Amino acid sequence: MSDKDEEIKELKERLEKLEESNPKEQKKEKAEPGCLSQIFALLFIVIVVSYFLYDDSETSLSTEDFTAEQQKTTPLEDPNDKHRAQLIDILNEQGFQAYWGQDNSLWIENPGVSESELERYGYKFCDVTKSSGWKQSYIITFWQSLRNGPSGQILKVNCF
């Protein structure tokens, strides 16, 4: 064989080796993440770890102290208690005996009127309280007597 044939043969062998090795290298390059993605992954891990390790003890202690001190000085009050007291005062001024049996149940003693008049009065009272800004739903129950506990239920009016 001539030198050219040998040289061609060597070049073909090198080319075959390169072709065989080249796809493997490409696959390896595709499988490995790039430098930029590794930096982002590391940054994400640092942020997550710092979030969980951040100590907020100074602010949480002062908030807890403030809350505990506030509870000692002022008892918990229902904001609707003022409205309930005002409603009872209004009813007493009109000659009705009334009190709140529960937070959402107003009990009124019948002053001696018919059931239909009580129902009409209950719905008017509902409309007045809702238009004045009362947002809590409640039930008005009319009783024959409220002395020594309620007795003789007459009518219930739902205010929603």
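Just above sits the structure.
Treat the numbers as computed from the prediction; the structure is a model and nothing was measured.

Conventions adopted
- Residue numbers restart at each chain and count upward from 1, following the sequence in its written direction.
- Restriction of local features to residues with pLDDT of at least 70 applies here, the model being predicted, together with a cutoff of 80 or more for giving and counting side-chain atom pairs; totals for whole chains, interfaces and linings are based on all residues.
- Just so you know, side-chain values use all the structure's heavy atoms and leave hydrogens and water out.
- Exposure classes here rest on a 1.4 Å probe applied to the protein chains alone. A residue is buried below 20% of its type maximum, exposed above 50%, and partly exposed in between.
- A run of H or I in DSSP counts as a helix once it spans at least four residues, and a run of E counts as a strand once it spans at least two, with each numbered from the N terminus.
- Any two strands with at least two DSSP-identified bridges between them are counted as paired.
- Seen with the strands pointing away from the viewer, any crossover whose path from the first strand over the helix to the second strand runs clockwise is right-handed.
- Angles shown run from 0 to 180 degrees and are taken between the N-to-C directions of axes, each axis being a line fitted to C-alpha atoms and, for helices, limited to the stretch in contact.
- In what follows, residue pairs with any heavy atoms lying within 4.5 Å of each other are defined as contacts.
- A cavity, in this analysis, means grid points on a 1 Å lattice covering only the protein atoms where a 1.4 Å probe fits yet has no way out; a pocket is instead an open set bounded by protein on both sides within 12 Å along at least five of seven lines, and a residue lines either one if it has an atom within 4 Å of a point.
- Grid points are joined across faces, edges and corners, and a volume is the space filled by probe spheres set on the points.
- Note on terminology: disulfide denotes any pair of cysteine sulfur atoms within 2.5 Å.

Okay, the pairing of strand β2 (residues 105-109) next. Counting buried positions along β2 gives 5 out of 5 residues, so the element sits mostly inside the fold. With burial as the criterion, each face of β2 is covered, one bearing Ser 105, Trp 107 and Glu 109 and the other bearing Leu 106 and Ile 108. In terms of strand pairing, strand β1 (residues 98-102) meets β2 through 4 bridges, oriented antiparallel. Considered in β2, the bridge of Tyr 99 is made with Trp 107. Pairing geometry for β2 and strand β3 (residues 138-145), over 5 bridges, is parallel. Across the sheet, the residue bridging to Ser 105 is Ile 139, located in β3. As a crossover connection, the stretch from β2 through helix α5 (residues 115-131) into β3 is right-handed.

What follows deals with the sheet that holds β2. Strands pair in a sheet through their backbones, by hydrogen bonds, and they do so in one of two ways: parallel or antiparallel. Taken together, the 4 strands give an open sheet; going across it, the order is β1-β2-β3-β4, and neighbouring strands pair in mixed fashion. Because the sheet does not close on itself, it has two edges, and the strands there are β1 and β4 (151-159). Shown here is a sheet whose adjacent strand axes are inclined to one another by a mean of 25°, direction ignored. As paired elements, β3 and β4 share 7 bridges and run antiparallel to each other. Bridge pairing links Trp 143 to Gln 153 in β4. The strands touched by helix α4 (residues 81-93) are β1 and β2; relative to β1, the strand with the most contacts, the crossing angle is about 145°. Across the sheet, α5 lies against β2, β3 and β4, angled at about 40° from β4, the strand it touches most.

Moving on, we get to the layout of surface pockets. Counted as a void, the largest pocket has a volume near 220 Å³. Lining the largest pocket are 13 residues, and of these Leu 87, Ile 90, Val 128, Thr 129 and Ser 132 lie nearest its centre. Broken down by secondary-structure element, the contributors of at least two residues to the lining of the largest pocket are α4 and α5.

On to the state of the cysteines. The full count for this structure, using the stated rule, is 1 disulfide. The disulfide partner of Cys 126 is Cys 159, and the S-S distance across this bridge is 1.3 Å. As the torsion about the S-S bond is roughly -120°, the Cys 126-Cys 159 disulfide counts as left-handed. One end of the pair, Cys 126, is in helix α5; the other, Cys 159, is in strand β4, with 33 residues separating them in the sequence. Classification of Cys 159 by relative accessible area gives buried; the value is 1%.

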